[in-house]
Every structure is written in structure tokens, then in C-alpha cells.
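Residues per chain are reported as follows:
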Amino acid sequence: MTRLVTAAVVRRFHQAGEVTPIRLSADVPGGDEHHLALRSRHAGRLRRTA
């Protein structure tokens, strides 16, 4: 069920032309760039724990 909800949310972001605010694997092409963009977009709300 959780995967279906996640897939539906990702689809709606994609259909709206927006970047999906989820982390991608670094193994996926563009994964590192996607992660860095998310970090800078949400810098004031993220806290490093490690």
C-alpha cells in the first residue's frame, strides 16, 4: 500500500511539471544532482545527524 501511495504522489508531481521531493539513489543518473538540489531547496528545514 505504501508503495502505491508513493507512486501516486510521484506521478502527480510529474504531471504538474514539478521536481519530486524524494531522495534518489546516487546510482541513478542525475541522483547526486537531484539530492544536492533538494538539500539547497530545503536547507533551512534539514538537520544533519551524522
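Before any of the text, the structure's been laid out above.
Source: prediction; values computed, not measured.

Participant: Got a minute to help me understand the overall build of the chain in this structure?
Facilitator: In terms of helices and strands, the chain carries two helices and zero strands. Viewed in the frame of its principal axes, the chain has a C-alpha envelope of about 30 × 20 × 20 Å. Going through the 50 residues of the chain one by one, you find that 10% of them count as buried. Surface exposure of the chain reaches about 4700 Å², of which carbon and sulfur atoms provide 56%. Charged side chains in the chain number 9 positive and 4 negative. The centres of these two groups are separated by 11 Å.

Participant: Explain the environment of G44 to me, please; I cannot follow it from the model alone.
Facilitator: Mapped onto the secondary structure, G44 falls in the segment after helix 2 (31-41). Once the C-alpha coordinates of G44 and R23 are considered, the two residues, 21 residues apart in sequence, prove to be 17 Å apart.

Participant: What am I meant to see in helix 2 here?
Facilitator: Along an α-helix, residues three or four apart share an orientation, since each turn contains 3.6 residues. What helix 2 keeps buried is the set G31, H34 and L38. For helix 2, the buried positions fall inside an angular range of 65° around the axis, keeping them on one side. Away from its buried face by more than 90 degrees, helix 2 exposes E33, L36 and S40.

Participant: Help me out: how do you make sense of a nonpolar patch on the surface in this one?
Facilitator: Taken together, the side chains of M1, V5 and V9 present a nonpolar region at the surface, about 320 Å² in accessible area. Along the chain, V9 turns up in helix 1 (residues 2-15). The partly exposed category is assigned to V9, whose relative accessible area is 41%.

Participant: I keep staring at helix 1 and nothing clicks. Help me out?
Facilitator: Taking 1.5 Å of rise per residue, 14 residues should cover 20 Å, and helix 1 covers 20 Å from first to last C-alpha, within 8% of that figure. G17, located one to two residues past helix 1, shows a positive phi value of around 75°.

Conventions adopted
- Residues numbered from 1 in each chain as written.
- Predicted model: local features only at pLDDT ≥ 70, side-chain atom pairs only at ≥ 80, totals over all residues.
- Heavy atoms only, no water.
- Helix = DSSP H or I, 4+ residues; strand = E, 2+ residues; numbered from the N terminus.
- Buried < 20%, exposed > 50% of the residue type's maximum accessible area, 1.4 Å probe, protein only.
- Areas by Shrake-Rupley, 256 points an atom, 1.4 Å probe, with all protein chains shown as cover.
- Lys, Arg positive; Asp, Glu negative; His and termini not counted.
- Charge placed at Lys NZ, Arg CZ, Asp CG, Glu CD.
- Arc of directions from axis to C-beta.
- Patch = residues over 30% accessible without salt bridge, like charges linked within 9 Å, V, L, I, M, F, W, Y side chains within 5 Å.
- Salt bridge = Lys/Arg side-chain N within 4 Å of Asp/Glu carboxyl O.
- Expected span 1.5 Å × (residues − 1).

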